[in-house]
Structure formats: C-alpha cells, structure tokens
Amino acid sequence: MDHNTSEVTEDAPLTDGFNLLIDALQLNDVETIYGVPGIPITDFGRMAQAAGIRVISFRHEQNAGNAAAIAGYLTKKPGICLTVSAPGFLNGLTALAHATTNCWPMILISGSSEREVVDLQQGDYEEMDQLAIAKPLCKAAYRILHAQDIGIGIARAIRAAVSGRPGGVYLDLPAQLFGQVMDAAEGQKSLVKVIDPAPEQIPAPHAVIRALELLKEAKRPLVILGKGAAYAQADDAIREFIEKSGVPYLPMSMAKGLLPDDHPQCASAARSLVLKESDVVVMIGARLNWLLSHGKGKQWGEAPKKFIHIDIEPKEMDSNVEIAAPVVGDIGSCLAAFLAEMGGQWQAQSGEWLDAVRAKVESNVARMAPKLMNNNIPMDYHGALGALRRIIEKRPDAILVNEGANTLDFARSIINMHKPRKRLDVGTWGVMGIGMGTAIAAAIETGQQVLAIEGDSAFGFSGMEVETICRYNLPVCIVVFNNNGIYRGTDVNTSGGSDVATTVFVKDSRYDMMMQAFGGVGVNVTSPDELERAVNEAMDCGKPTLINAVIDPESGTESGRIGNLNPQSVVKKK
Ligand code: ADP
Ligand code: TZD
Ligand code: MG
C-alpha cells in the first residue's frame, strides 16, 4: 500500500504525519518538547512550536533527554525528548536509560532512516536499527509505520511510561511517516486521548493489616522515604503517616524535603544509628539497592530486622532481603489505606528510641554547626555549603540541582530541604552530566528559581548548555565548585612525564567567563561571604548567572563518600 496516496480523494481536506503527531501530543496535554533539531525532525519541531508546544532546543541530546527525564519526575507526565536518527538517538539513549533506572516517565522520540534500507543494511544516512538497540535499555519500545497509527502509538507510549512503575519509552518514527498524507477527518478520528494513564493501584486490605501489625510490635521502628515517595505527590498522606505513627524517618537524597529536614522525627543526622539499631523498617518508594547497602551488612548492624515494603512494583519485594510485609500499590493509595486502618486509636511511637535518635541528631548537628560558619579562604566544602544552606533556608521554593563527588555528598548532608521535590540530583546511577538539563527543565516546568551546585568536573559534562540557559533567559544560578579537578586538584602524574595527572584540570580556570560569553552574569568568588552575596544577587534578579567558587583543591576526598566502592591497586605500576 502506498501511504502517500491511500484513501485520499482529490478535494477532501488532508493531514499528514507531522500534523497528526502534533495533534496526538496536544490531545494528551503535552506542553513541552526537549530536543535537538535535524533530519528528519526539523520541520516537526518548527511545526510543533507554531502549534503552541514549547520546543526547547539544546546543544546536545543527552541534556535534552535529562531535561525530559526530570520533567517526568516533577510532573508525573512523560517528559518528551526529540532527536534525529542514529547519533542523536544514541546521545538521547543514555538519558532514556537513566530515566528508566530512576523509575521516571519519559518518551524518547527519534526520527529514523528508511526501514527498507536499514533492514537490508544498505547504508542509509544515519542508518541504525534504533528500535532493537533501545529495547533492552527502556521499559517499552514502539515503532509507528503508518500515519493512521500515530494516535494509538502515542497513546501506548504515554501509558507505558506512566502506569505501574514509571520508566522510559522509546518511540521510533521513520522519516517517511512524517510525510504520509491521509484524509484529515479520518486522521482526527484515529487520535486517542489516554484516559487515566496511571490508574490507582489499591493495596490488598490484608497486606495493609499485616504491615501495621508488624509496625505495632516494633520497639525501634524506622521509615525510609525514597524518591518514589516524592514522585507519588502524596505529600500530605506521607506527613500524616509519619506524624501519626511517631516513627523517625530517613529521607533518601531526592526525598529530602518531603517533610522538612528540620522536622523533629527526621533522622538524617543519625543515619548510622537508625540503620544499625532499628528493628522494623518501613520502605516507602525506595529500593534496597547499593544506596542502602542492599539492606544488609555492617551498615545495618547485627540486630535482626524486619521490613515492610511499600512499592508499586511487585518484583521489587524480596529483591535483596526477605520482606516480612510486602504492600504492593501506589503510595497514595497505600498510605490512605494505612491511615484508615490506623484510625484514631493508634499509639504513636514515643520514649527511649525516639529520645536516643533525637539526642544523636542534636549532637551531630551541633558538632557540624561551627564548620558551616567558617569564612575561610580558600573555601572548604563546609564553608561554601554553609553559605548555600542559609540561602535555601531563606528561599525554600528554589530548586536545588546537585552533582559532583564531594560537591554532591557534602551538599546532600549539609543543605536542608524544606519542601517536596526541591532537590534534584544524580539519581540511582550517580551519573555526572545531569546538571544543566535538569536545571533547565526545573526552571521551565516549575517557573521557580534554580540553584545548581556543580563540581567542576560534573559541570563539564553539560556545561555548553549555559548558552541554552541564556537563550531562554532562565532563572538559573550555577555555582561551580572549582577545586581544579575530580575529587581533588592536587594529584600528580607519577611517571614524571609532562602530562598532568588524570584527575586534574587547568588550574585556576574561570568558569564564570563561560556565562559571560553568552550575555549572562559571571562572578568569581573566593570566600563564603562573597558566595552568599553573589547567589542572593543572582536570585533577586533571576538572570542566568554562573559563579566560579574557588574551593581549596586539598579539601575533597577520593570518590567523595563512596570511596569504599572504588577498587585501588595495591601493586601499582612504577
Ligand atoms: P531512592 O533512590 O530514593 O531510594 P528508588 O529510585 O530506589 O528511590 O526507588 C523508587 C521506588 O519507588 C521504585 O521501586 C518505584 O517502583 C517506586 N515507585 C515509583 N512511583 C511509585 C508510586 N506512585 N507508588 C508506589 N511506588 C512507586
Ligand atoms: N562519568 C559519568 C557519566 N558518571 C560518573 N559518575 C563518572 C563518570 C565518575 N565520576 C563520579 O562518580 S564523580 C565525578 C566523576 C567523573 C566527578 C567528581 O568531580 P567534581 O566533584 O569536580 O564534579 P568534586 O567536588 O571535585 O569531588
Ligand atoms: Mg572538582
């Protein structure tokens, strides 16, 4: 069948693949597309923009993809990334895999070469079997070959991305699809509005009772909140459950702020104690992966522990340790069921255990306080982050983006978050390069001021997007923690050769000048006071700003807090 002419009569109004794609996306409330233009999607981007979709053009697809991924996390709607074929697709694929790993909904839409030529491997322009390559790296992958299938194809992609455990979806659009013409009325009829894309998943009542009976028996209970809990946007129910149960809680990195970090039940500053000593642990939207030492080993102590696990993904239960009380469902529904079952009778946890946790929190916080007030030059991480902590305290609506090694680990523990979904970082993989894509999407999706705290290495992975930030005039303030390199800027090449060590960069670089190159504000600061002043100014005016914060190159440690995962040779080559 020739799809350019099928069922089209001479004078009936026509539509084509370009228009149907735009109609299908708009019908499903897609407002923003993140991407990079080129063959075969240049006109699609133009037309989408003309139709009122906001199309944000990046300098590299990985950053556009990271923007789409975090947009999905922030909005519970799939973030859309649009790329060209083979190389553009591959650039976007890292972000698609990252979204899938983090359980965030995203759709990577890539143009592709002609199927006939690709399948015979005849060497088309940017030839690649993209569908096959994407499949193992995402939650679902589809290809649309006919214009009349665009409606159903987009619907499948949306539903696959957001229902159940969210994840990345790949959508393959061969070049010829865009130009396929069909009758406009038939085209409209073929569109699909996705009804209830992420249906509630109600937990079984007996699973809820089993969990609460276990919790009632606990002497030293603990709740761990993960980014799935933040994603679920069940903020009130989560707070009510925590407060009604009286149980201390530990927020994972991106769950910080679900309840304010200075909440009396927050156990962040007593992490080692609560992991070791707790007897019943309630996991809410968090996995027992490497970030929690797989739920076993030294960190978790000797005392026997029982786990209650709330998650939408049944396969997550028993993934690392035995789960005594699995509760499968969406977090909003699960916590509503918990609260209903707890009723007015529930005896909130109090006494010795909470007192011990509070005492530990208070002594650790007091020990840290003077370090955060230091005004040393050159700055160390504590002095610089103490200043930024005071900023976020005063501006709790600002969104914090954070990547690096020491820059990440210190910022996570030092900067208190006060509201949900305000801390966006490297996620499950600890991937460098999410910074600028994340900052851009955060500004666009929320309209809030963004503060991106970036290691100098981490920033380099997506730094060219400062042009994008200036082009769209986004309220993003980037602080580059410039310690001349990865972990520390003081390593030396032991060969005696003229190359510098593998972990160091050009000394005394001026990242602030990169921002100036595109009309943004660039500032170089050397003290915490200067840093605080510069960030406040940036946030008051909302102009794109990059602050080069000179950090003592000796103050970091190898691999930050996860040095234990870093194999090091004991038999080093001379
Ligand atoms: P963290 O890194 O913060 O510990 P993870 O990414 O490991 O968090 O875990 C998030 C978990 O949340 C995943 O297992 C995912 O299935 C789950 N999840 C995501 N959204 C929901 C939801 N709406 N309801 C229940 N569970 C969810
Ligand atoms: N590449 C990717 C994509 N992700 C990674 N995590 C790494 C490489 C390895 N890596 C880290 O885990 S942290 C880091 C790298 C290269 C950079 C640390 O240096 P920084 O931060 O300047 O960003 P600090 O403050 O100097 O530690
Ligand atoms: Mg560094």
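You'll find the structure just up there.
This is a predicted model, so every value here is computed, not measured. (Residues numbered from 1 in each chain as written. Chains lettered and ligands numbered in written order. Predicted model: local features only at pLDDT ≥ 70, side-chain atom pairs only at ≥ 80, totals over all residues. Heavy atoms only, no water.)

*Asks:* Whenever I open this one, the site of ligand 2 confuses me. Can you help?
*Replies:* Near ligand 2 there are 17 residues, and of these Tyr381, Asn406, Thr407, Asp456 and Asn483 occur at the shortest range. Here a nitrogen atom of ligand 2 and a backbone polar atom of glycine 430 are 2.9 Å apart. Take tyrosine 487: an N or O atom from its main chain is 3.1 Å from an oxygen atom of ligand 2. Starting from 600 Å² of accessible surface for ligand 2 in isolation, the protein chains cover 76%. Ranked by residues supplied to the shell around ligand 2, first place goes to helix H19 (residues 456–460) with 3 residues. Its residues placed into classes, the shell around ligand 2 shows 8 nonpolar, 8 polar and 1 charged. (Near = heavy atom within 4 Å. Polar contact = N/O pair within 3.5 Å; in protein donor to acceptor, adjacent residues only side chain to side chain. Areas by Shrake-Rupley, 256 points an atom, 1.4 Å probe, with all protein chains shown as cover. Helix = DSSP H or I, 4+ residues; strand = E, 2+ residues; numbered from the N terminus. Nonpolar A, V, L, I, M, F, W, Y, C, P; charged D, E, K, R; others polar.)

*Asks:* Explanation requested: the site of ligand 1 in the structure shown.
*Replies:* With respect to spatial proximity, 20 residues lie near ligand 1, and among them Arg165, Lys227, Arg287, Asp311 and Ile331 are the closest. The fraction of the free accessible surface of ligand 1 (580 Å²) that becomes covered by protein chains is 96%. Split into classes, the residues belonging to the shell around ligand 1 amount to 8 nonpolar, 6 polar and 6 charged.

*Asks:* Sorry, what's going on with the nonpolar core here?
*Replies:* Buried together is how nonpolar side chains tend to be arranged in soluble globular proteins. One finds Tyr34, Leu225, Ile284, Phe338 and Ile478 to be the most contacted residues of the largest nonpolar core, which totals 93 residues. If we skip the residues at most four places from it in the chain, tyrosine 34 touches Ile56, Phe58, Ala64, Ala67, Ala68, Ala71, Ile80, Cys81, Leu82, Ala441, Ile444 and Glu445. Listed in part, the 37 residues of the second largest apolar core include Leu25, Val55, Ala157 and Leu191. (Core = buried A, V, L, I, M, F, W, Y, C linked by side-chain atoms within 4.5 Å. Buried < 20%, exposed > 50% of the residue type's maximum accessible area, 1.4 Å probe, protein only. Contact = heavy atoms within 4.5 Å.)

*Asks:* Whenever I open this one, the sheet that holds strand E17 (residues 476–482) confuses me. Can you help?
*Replies:* Sheet strands pair via backbone hydrogen bonds, and the direction of the pair is either parallel or antiparallel. Sheet architecture is open: 6 strands sit in the order E15-E14-E16-E17-E19-E18, paired in parallel fashion. A strand with exactly one partner marks an edge of an open sheet, and here the two such strands are strand E15 (423–425) and strand E18 (521–525). Strand-to-strand twist across the sheet, computed as the mean angle between neighbouring axes with direction ignored, equals 15 degrees. Inspection of the sheet shows strand E14 (residues 399–403) paired to E15 by 3 bridges, in the parallel sense. Paired with valine 401 across the bridge in E15 is leucine 424. This element, helix H17 (residues 406–414), spans E14, E15, strand E16 (450–455) and E17 of the sheet and lies at about 140 degrees to E14. (Pairing = 2+ DSSP bridges. Axes fitted to C-alpha atoms, helices over the stretch in contact; angles between N-to-C directions.)

*Asks:* Can you walk me through the coordination of the magnesium ion (ligand 3) in this structure?
*Replies:* Each donor-metal-donor angle would ideally measure 109.5 degrees in four-coordinate tetrahedral geometry, or 90 or 180 degrees in six-coordinate octahedral geometry. For the magnesium ion (ligand 3), every protein donor is listed as Asp456 (OD), Asn483 (OD1) and Gly485 (O), and the spread of their distances is 2.0 to 2.1 Å. Mapped onto the sequence, the residues coordinating the magnesium ion (ligand 3) show the spacing D-x26-N-x1-G. The pair asparagine 483 / glycine 485 is uniform in exposure class, with both members buried. (Donors = N, O, S within 2.8 Å, 3.2 Å for Na, K, Ca; no water.)

*Asks:* What am I meant to see in the sheet that holds strand E4 (residues 79–83) here?
*Replies:* Spatially, the 6 strands line up as an open sheet ordered E3-E2-E4-E5-E7-E6, and their pairing is parallel. At either end of the open sheet lies a strand with only one pairing partner, and these are strand E3 (54–57) and strand E6 (140–143). Across the sheet, the mean angle from the axis of one strand to that of its neighbour is 20 degrees, orientation sign disregarded. Along the sheet, helix H2 (residues 42–50) makes contact with strand E2 (32–35), E3 and E4, crossing E3 at roughly 140 degrees. Helix H4 (residues 86–102) contacts E4, strand E5 (106–112) and strand E7 (168–174) of the sheet and is inclined by roughly 165 degrees relative to E5.

*Asks:* Please explain unusual backbone geometry as it appears in this structure.
*Replies:* Note on backbone geometry: most residues besides glycine have negative phi, and most peptide bonds are trans. Omega for the bond connecting isoleucine 39 with proline 40 falls within 30 degrees of zero, at 5 degrees, which places this linkage in the cis form. You can see proline 40 is positioned in the loop between E2 and H2. The omega angle of the peptide bond from isoleucine 377 to proline 378 is -5 degrees, so this bond is cis rather than trans. Position of proline 378 among the secondary structure elements: in the loop between helix H15 (352–372) and helix H16 (381–394). The phi torsion at glutamate 126 lies on the positive side, around 50 degrees, for a residue other than glycine. Mapped onto the secondary structure, glutamate 126 falls in the loop between helix H5 (115–119) and helix H6 (130–134). One non-glycine residue, arginine 421, adopts positive backbone phi at about 55 degrees. Along the chain, arginine 421 turns up in the loop between H17 and E15.

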